[in-house]
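Single-letter residue listing:
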Amino acid sequence: QVVSGGFDAADDWIAENMLAIADIAEGSVDAAIAKLNASIEACPFPEQKKYFLTTLAVARLRKSKQDEREIENAEADLEKLKVGTTSPTERGVVSLLFAHAAAAKKNRSKAEQYINEARTVVSAEDFARKRLEREIVRRFQLFEPASQPLAQAEEQSRDDAVFEAEVELLA
């Protein structure tokens, strides 16, 4: 039986999420956000909805560079995601994305708290998550006693590194 949107299997929804990730990677963040919101509404599979919410939070964090209000939207998506998050790996991802949002809002202590939470559940062998942790710490100069403002080019470079690590994590 075919459910709404012509998707009849969980794999179809995973493919839809992968297309949204490709849109984000290509810079079509608004298109990805629209797709992801529609998919969250239509998808009958709770596990796949988690993927959509994670991808949506990453898209909103990327868009927040142009529209700071998107940070609040990303946090709202992460709060929804946190409810159904059970595995250590999932909790680690949510904590890292919350750390990114907190750091973007210049709440260093909260960002560091989230990083420390992620460190309790993300194994050293989980290279994608460890890379994301490293890039967030580097970009926002967390755990440093006296951080200095970054030059614009360096800030952009580090933002791009965080974004690439987030997209790698999604894929």
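Residues numbered from 1 in each chain as written. Predicted model: local features only at pLDDT ≥ 70, side-chain atom pairs only at ≥ 80, totals over all residues. Heavy atoms only, no water.

Applying the stated criterion to the full structure yields 25 salt bridges. Linking Glu-79 and Lys-82 is a salt bridge whose minimum nitrogen-to-oxygen distance equals 3.6 Å. Taken together, the positions of Glu-79 and Lys-82, both in helix α4 (residues 69-83) and three residues apart, correspond to about one turn of that helix. For Glu-79, a relative accessible area of 38% corresponds to the partly exposed category. We classify Lys-82 as partly exposed; its relative accessible area is 42%. Among the salt bridges present, the one from Glu-164 reaches Arg-131, with a minimum N-O distance of 3.8 Å. Here Glu-164, found in helix α8 (residues 152-170), pairs with Arg-131, found in helix α7 (residues 127-140); they are 33 residues apart in sequence, far enough to count as distant. Among the ionic contacts, a cluster of salt bridges with common partners joins Arg-134, Glu-135, Arg-138, Glu-154 and Arg-158. (Salt bridge = Lys/Arg side-chain N within 4 Å of Asp/Glu carboxyl O. Helix = DSSP H or I, 4+ residues; strand = E, 2+ residues; numbered from the N terminus. Buried < 20%, exposed > 50% of the residue type's maximum accessible area, 1.4 Å probe, protein only.)

Moving on, we get to the nonpolar core. Judged by nonpolar contacts, the single largest core of 47 residues is most densely connected at Ile-24, Leu-36, Leu-97, Ile-115, Leu-132, Ile-136 and Leu-142. For this core, the element with the highest residue contribution is helix α5 (residues 88-104), accounting for nine residues. (Core = buried A, V, L, I, M, F, W, Y, C linked by side-chain atoms within 4.5 Å.)

Moving on to the packing of aromatic side chains. Aromatic ring pairs are defined here through the distance separating the ring centres and the angle between the ring planes. Taken as a whole and judged by the stated rule, the model has two aromatic pairs. Their ring planes at 85° and their centres at 6.0 Å tell us that Trp-13 and Phe-52 sit as a pair that is edge-to-face. Of this pair, Trp-13 sits in helix α1 (residues 10-25) while Phe-52 sits in helix α3 (residues 46-63), and the two are 39 residues apart along the sequence. Plain terms: the ring middles of Phe-98 and Tyr-114 are 5.0 Å apart, the flat faces sit at 15° to each other, and that makes the pair stacked. Taken together, the residues span a long stretch of sequence, with Phe-98 in helix α5 and Tyr-114 in helix α6 (residues 108-121) at a distance of 16 residues. In terms of burial, Phe-98 and Tyr-114 fall into one category: buried. Over the ring of Phe-143 we find Arg-119; its NZ or CZ atom is 4.7 Å from the centre of that ring. (Phe/Tyr/Trp six-rings, centres within 6.5 Å; stacked < 30°, edge-to-face > 60°. Lys NZ or Arg CZ within 6 Å of the ring centre and 35° of its normal.)

What follows concerns a nonpolar patch on the surface. A surface patch of nonpolar side chains, about 260 Å² in accessible area, is lined by Ile-14, Met-18 and Tyr-51. Looking at where Met-18 falls in the secondary structure, it is placed in helix α1. (Patch = residues over 30% accessible without salt bridge, like charges linked within 9 Å, V, L, I, M, F, W, Y side chains within 5 Å. Areas by Shrake-Rupley, 256 points an atom, 1.4 Å probe, with all protein chains shown as cover.)

Locating Ile-136 in the fold gives a position in helix α7. With relative accessibility at 0%, the residue Ile-136 sits in the buried group. For the pair Ile-136 and Ala-103, spaced 33 residues apart in the sequence, the C-alpha separation amounts to 8.2 Å. Setting aside residues up to four positions removed in sequence, Ile-136 forms contacts with Leu-96, His-100, Ile-115, Gln-141, Leu-142 and Val-162. (Contact = heavy atoms within 4.5 Å.)

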